[in-house]
Every structure is written in C-alpha cells, then in structure tokens.
Amino acid sequence: MAANTAPRCLGCMSLLTEDGVCPVCGYDPSKAQLNINYLVPGYVLGGRYLVGKMTSCDTEGAWYVGFDGQQNFRVWIREYAPKAIIVRDYDNGIVRPLPGSEAQYKALMSDFEDLCSSIRRLSSVEKVLPILDMVRANNTVYAIYRYIKMITLESFLKRSGGRLSWRHTKKLLMPLFHTVAGVHNAGLIHRGLSPRTVEIDQNGTLWLTNFSIAAARTNKSELSAQLYEGYAAPEQYSQSTFQGTWTDVYALGAITYRAVMGADPPSAMDRVYGDDLLDRTVSPDMTDSVITAVNRALAVEVEDRTQTAERYIADLLAN
C-alpha cells in the first residue's frame, strides 16, 4: 500500500502486534479457506486498498472487507464478478469472461459502473451506504464503500422479540421509506429490498445497502437472479413485465408486514389476484387505513398497487 503499511488482520482489519490468530475477531490466516474464484486475502488493489477476506458473494460479484492505506480506515470492497459467466486467473486475480460471454460480460459491467456512479451522486442526506471510490483493475470494476458497523434489519427484529407494534414499526421504518423515495427521485430502483439488505447501525439508523444491476434481480435474465422470497415483486419473476418504483413499493409493504407479523410474507408466486395479507387482527394499534395502505402496497397486480414510495408514506400517515 502507498501509505499505512502496519500489519493488519485480514478478517477485520484490526492492527496486529504479532502473527497468528487475531485477538479481535479470531481470524486465523493459517486456517482460512481460500476460494479460487475470488481475490486472495492480502491483495492490494490500485496500490491503495488492502483486500481482506471475502464476506459474501452473489450472482453479481463479491464483498470483501478492506482497508484504505491512504486514508487509514476500513472500507467495504464490492467486486463485479458474475460467477455464471467468468473465470479467474488465481495467480494474478484477473477476471476473464467465459468463451461466448465476452459481450454480455462487458455490457453488464457497464451497467454495474453506471449503477455505482449513480449511487455516488446521491445526496449524503440519503441513508444509502456511500461509495467513496471506484477502481478499475483485473479486467473488472471495484466499488469502495464506506465501512459502518451494522447488523441486518432481520437480526434486529429477531433481537427485538421477532415482531413490533405498529407504533414502533412506523418509527423504525418511516426514515427508510423516505430514503427509498429519495433514491427513486434520483432515478434509481433497488429491486432487492428486504430485511436482509437493509441494515441498522448502533444509533438505530437504517441504511440502504446491497444495490445490484437489474439482471441480478430478474428471474431468467442473463444471470441467476438473487430474489428474496416474500419481498421480490411478481414482475421480478418475469422478463416480460416492466419494473419500476412500484417494484420497490411491494418490498416496502413486505418489510412492513414482516415487522408487525413476525414472519416473512408468502412468496409472490404463491399469491393470487385480490388476496389481502393483513386484516384487523394483526395489531390493535393498526387502523383500517394503515392496513389498507399495506395491502395496497402488496397488491399482486401492478395496476392495483401503490406506485411510489411517496404515495405509500402518505397512505400510511393518512387518518
């Protein structure tokens, strides 16, 4: 790295005073299971970012814990590497498209770059995990995200007894709904909103994370879609139906359902036209208008569904 060269744990990026097991997170480099499809821990990206262990992967790419050697702080590193159409040269980290997938790989990488550039332009007021930098290397693209210590909304709800009253649900989720409205106004659609892609920090603030390109969130697309059952809208299971702000509204209704019911809603593919998921027995402090608002957000048919996050907010707040 160009600047800070102090030894660090490749599991959590804490400073190490001696070789061996990290006293903070327990990461043991001698027992680390390496994957030939992803970067080797210890790789230095762009002469600046130390790449640690891979924390998760999906159809679009991988997440690594990282460290900015110039600014001296931890980061998250997101790599575009769609495993269905690439192979990696493990010796040098270079990503190569499979034969016949060259044009597809390049087109989807352009989509990934455009998405990351749009996220970088979002106002800092929006609670979207910020992208600090973008790096081209290894025949692919990396997004460097701000590191914030958080847990998923799903974990938070489980720690809170599994479900919340409507009063507490509204207080918790309303800032998220406003964030999604702001994202939509900026021309972005998330397509993957769920309790597992929304996270909460130590101050109780909800953050929107895990954006992906459309192909990674649409069934039977070029990539094997990563859809969150119960939260993915019906149109995400088909390539012939338009997606839009209403697609995220479905997920917001589903997240509301999860918070007050204590369970995931049924998959969109198991539902039928006209079925309402909530009724008056759900929560004593949910009014008929609130229940109607949630059911309208969860409408199976797009034409019956609330079309924007702003409208969903207004319906929830209506007397």
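Preceding this section is the structure that the text describes.
Residues numbered from 1 in each chain as written. Predicted model: local features only at pLDDT ≥ 70, side-chain atom pairs only at ≥ 80, totals over all residues. Heavy atoms only, no water.

Quick notes on the overall build of the chain
Counted only if it meets this: Helical segments are the DSSP runs of H or I of at least four residues, strand segments are the runs of E of at least two, and each set is numbered from the N terminus. Radius of gyration here uses only the C-alpha atoms, and the compact-globule reference equals 2.2 Å multiplied by the residue count raised to the power 0.38. Categorising residues by exposure relies on relative accessible area from a 1.4 Å probe, with only protein chains included: less than 20% of the type maximum marks a residue as buried, more than 50% marks it as exposed, and the intermediate range marks it as partly exposed. Pairs of residues are marked as contacts when any of their non-hydrogen atoms sit within 4.5 Å. Computed by Shrake-Rupley with a 1.4 Å probe, the accessible areas treat only the displayed protein chains as cover when residues are assessed.
The helix and strand inventory of the chain stands at six helices and eleven strands. A compact globule built from 319 residues should have a C-alpha radius of gyration of about 20 Å, and the chain, at 21 Å, falls within 12% of that. By principal-axis analysis of the C-alpha atoms, the chain measures approximately 60 × 45 × 35 Å. A buried classification covers 53% of the 319 residues belonging to the chain. Summarising the internal contacts of the chain: among those between residues at least 6 apart in sequence, 55% fall at separations of at least 24. Accessible area of the chain: about 14800 Å², with a carbon and sulfur share of 50%.

Some words on the sheet that holds strand β11 (residues 206–208)
Applied cut-off: Any two strands with at least two DSSP bridges between them are considered paired. Lines fitted to the C-alpha atoms define the axes, with helices restricted to the stretch that makes contact. Angles between their N-to-C directions range from 0 to 180 degrees.
Sheet architecture is open: three strands sit in the order β9-β10-β11, paired in antiparallel fashion. Two strands bound the open sheet, and with one partner strand each, they are β9 (150–152) and β11. Across the sheet, the axes of successive neighbouring strands diverge by a mean angle of 40°, strand direction being ignored. Sheet topology note: the strand β10 (residues 198–201)/β11 ladder contains three bridges and is antiparallel. Pairing of Glu 199 across the sheet is with Trp 207, part of β11. Here helix α3 (residues 166–185) sits on the sheet and contacts β10 and β11; the angle it forms with β11, its principal contact strand, is near 25°.

Considerations on helix α1 (residues 102–121)
Side chains three or four residues apart in an α-helix point the same way, a direct result of the helix having 3.6 residues per turn. The criterion, for reference: To estimate how far a helix should extend, the number of its residues minus one is multiplied by 1.5 Å.
The terminal C-alpha atoms of α1 lie 29 Å apart, and with 20 residues this matches the ideal 28 Å at 1.5 Å per residue to within 8%. The set of residues buried in α1 consists of Tyr 105, Leu 108, Met 109, Phe 112, Glu 113, Leu 115, Cys 116, Ser 118 and Ile 119. Residues of α1 that are buried make contact with β4 (73–80), β5 (86–88), β6 (95–97), β7 (131–137) and β8 (140–146).

Section: the sheet that holds strand β2 (residues 49–57)
As summarised here, the arrangement of the six strands in space is β1-β2-β3-β4-β8-β7, forming an open sheet in which the pairing is antiparallel. The open sheet terminates on both sides in strands that have one partner only, identified here as β1 (44–45) and β7. Taken together, the five bridges between β4 and β8 define a ladder with antiparallel strand orientation. Counterpart to Arg 78 in the pairing with β8 is Ala 143. Helix-sheet contacts for α1 involve β4, β7 and β8, and the interaxial angle to β7 is about 155°.

Overview of the pairing of β2
Sheet analysis places β1 next to β2, joined by two bridges and oriented antiparallel. Paired with Val 44 across the two strands is Leu 50, which belongs to β2. Following β1, the chain reverses through three residues before pairing antiparallel with β2; Gly 46 in that reversal takes a positive phi of roughly 60°. Sheet topology places β2 next to strand β3 (residues 61–68); six bridges connect them, and they run antiparallel. Bridge pairing in β3 links Val 51 to Gly 66.

A look at the nonpolar core
Quick note on the threshold: What makes a nonpolar core is a set of buried Ala, Val, Leu, Ile, Met, Phe, Trp, Tyr and Cys residues whose side-chain atoms join them at distances within 4.5 Å.
The biggest cluster of nonpolar side chains holds 76 residues, and the ones touching the most others in it are Leu 173, Leu 176, Phe 177, Leu 208, Met 286 and Leu 316. Other than its neighbours up to four places away in sequence, Leu 316 contacts Trp 166, Met 174, Phe 177, Val 290, Ala 293 and Val 294. Within the second largest apolar cluster, 13 residues are counted, among which are Leu 45, Ala 62, Val 75 and Val 135.

Some thoughts on the side chain of Arg 88
Rules: Counted as a polar contact is a pair of N or O atoms within 3.5 Å, where, for protein atoms, one must be capable of donating a hydrogen and the other of accepting one, and residues adjacent in sequence contribute only when both atoms are in side chains.
Along the chain, the position of Arg 88 falls in strand β5. Exposure remark for Arg 88: the relative accessible area of 8% places this residue in the buried category. Polar side-chain contacts of Arg 88 include one of 2.9 Å to the backbone oxygen of Gly 93. If we skip the residues at most four places from it in the chain, Arg 88 touches Ile 36, Asn 37, Tyr 38, Leu 39, Tyr 64, Glu 79, Ala 81, Gly 93, Ile 94, Val 95 and Tyr 142.

Regarding the pairing of β10
Moving residue by residue along a regular strand, the side chains alternate between the two faces of the sheet. Neither face of β10 is open: one carries Val 198 and Ile 200, the other Glu 199 and Asp 201, and all of them are buried. Pairing of β9 with β10 involves three bridges; the strand directions are antiparallel. Across the sheet, residue Ile 151 finds its bridge partner in β10, namely Ile 200.

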